Amino acid sequence: QVELVESGGGLVQAGGSLRLSCAASGRTLSTYVMGWFRQAPGKEREFVANIGWSGATYYADSVKGRFTISRDNAKNTVYLQMNSLKPEDTAVYYCAATNRWGQRKPDEYSSWGQGTQVTVSS
């Protein structure tokens, strides 16, 4: 399995931006479909976005137009650029890897990072 480490979380005011990174080790990211999920206190983990091997992307409606997922296979890293952040975006953000496109449920992803906290103040 690939090992994933997220970074880039923090505290930001509403309307601000953050860029999350997910660095992989152990195996090359290019062989995986990569996803970002988030989990707010008391809520279930939810899908945010994913990116396929060729760069195709899919976003949850709640972040469409504000977040952008990208990958740099040479750096073995996936990114989540988050703009126009809202207080309801506050959550722990996780990156995850799967071998199949079209997966949007947490249990469809086999490898997970430890998460990075994003807090958006109003």
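Rules and cut-offs
Residues numbered from 1 in each chain as written. Predicted model: local features only at pLDDT ≥ 70, side-chain atom pairs only at ≥ 80, totals over all residues. Heavy atoms only, no water. Helix = DSSP H or I, 4+ residues; strand = E, 2+ residues; numbered from the N terminus. Rg over C-alpha atoms; globule rule 2.2 N^0.38 Å. Buried < 20%, exposed > 50% of the residue type's maximum accessible area, 1.4 Å probe, protein only. Contact = heavy atoms within 4.5 Å. Areas by Shrake-Rupley, 256 points an atom, 1.4 Å probe, with all protein chains shown as cover. Lys, Arg positive; Asp, Glu negative; His and termini not counted. Charge placed at Lys NZ, Arg CZ, Asp CG, Glu CD. Disulfide = S-S within 2.5 Å. Core = buried A, V, L, I, M, F, W, Y, C linked by side-chain atoms within 4.5 Å. Phe/Tyr/Trp six-rings, centres within 6.5 Å; stacked < 30°, edge-to-face > 60°.

Caption draft 1: Summary view of the overall build of the chain. Counting its secondary structure elements, the chain contains 0 helices and 11 strands. Mapped in sequence order, the helices and strands of the chain form the string β-β-β-β-β-β-β-β-β-β-β. Taken against the 2.2 N^0.38 rule, which gives 14 Å for 122 residues, the C-alpha radius of gyration of the chain at 13 Å falls within 12% of a compact globule. Here the C-alpha coordinates of the chain stretch approximately 40 × 25 × 25 Å along the principal axes. Looking at the 122 residues of the chain, the share that counts as buried comes to 45%. Long-range contacts, defined as pairs at least 24 residues apart, comprise 60% of the intrachain contacts of the chain with a sequence gap of at least 6. Accessible surface computed for the chain: about 6100 Å², of which carbon and sulfur atoms make up 46%. A gap of 4 Å separates the mean positions of the 13 positive and 10 negative side-chain charges of the chain.

Caption draft 2: Summary view of the state of the cysteines. This structure, assessed with the given rule, holds 1 disulfide. Between the sulfur of Cys22 and that of Cys95 lies a disulfide, 2.0 Å long from S to S. One quick way to see it: the torsion about the S-S bond of Cys22 and Cys95 is about 55°, and its sign makes the bridge right-handed. Residue Cys22 is located in strand β3 (residues 18-25), and its partner Cys95 is located in strand β9 (residues 91-98); the two are separated by 73 residues in the primary sequence.

Caption draft 3: Fine view of the nonpolar core. Among the nonpolar cores identified, the biggest contains 34 residues, and Leu4, Met34, Trp36, Leu80, Met82 and Tyr93 are the most heavily contacted of them. Of all elements in the fold, only β3, β4 (33-39), β5 (46-51), β7 (67-72), β8 (77-82), β9 and β11 (116-121) reach the threshold of two or more residues within this core. For this core, the leading source of residues is β9, giving 5 residues. Apart from the residues within four sequence positions on either side, Met34 is in contact with Leu4, Cys22, Leu29, Ala49, Asn50, Ile51, Ile69, Arg71, Val78, Ala96, Ala97 and Tyr109.

Caption draft 4: The packing of aromatic side chains, seen in detail. Per the counting criterion, the structure on display carries 6 aromatic pairs. Considering the side-chain rings of Phe37 and Tyr109, the 4.9 Å spacing of their centres and the 80° angle between planes classify their relative orientation as edge-to-face. With Phe37 in strand β4 and Tyr109 in the loop between β9 and β10 (111-112), this residue pair connects regions lying 72 residues apart in the sequence. Comparing Phe37 with Tyr109, the two get one shared label, buried. Take Phe37: its relative accessible area is 0%, and that puts it in the buried class. Chaining the aromatic ring pairs together yields one cluster made of Phe37, Phe47, Tyr58, Tyr94, Tyr109 and Trp112.

Caption draft 5: Here's a closer look at unusual backbone geometry. Unusually for a residue other than glycine, Asn76 sits at a positive phi of about 55°. With respect to the helices and strands, Asn76 occurs in the loop between β7 and β8. With a phi angle near 50°, Ser84 is a residue other than glycine that sits in the positive phi range. If you trace the backbone, Ser84 turns up in the loop between β8 and β9.

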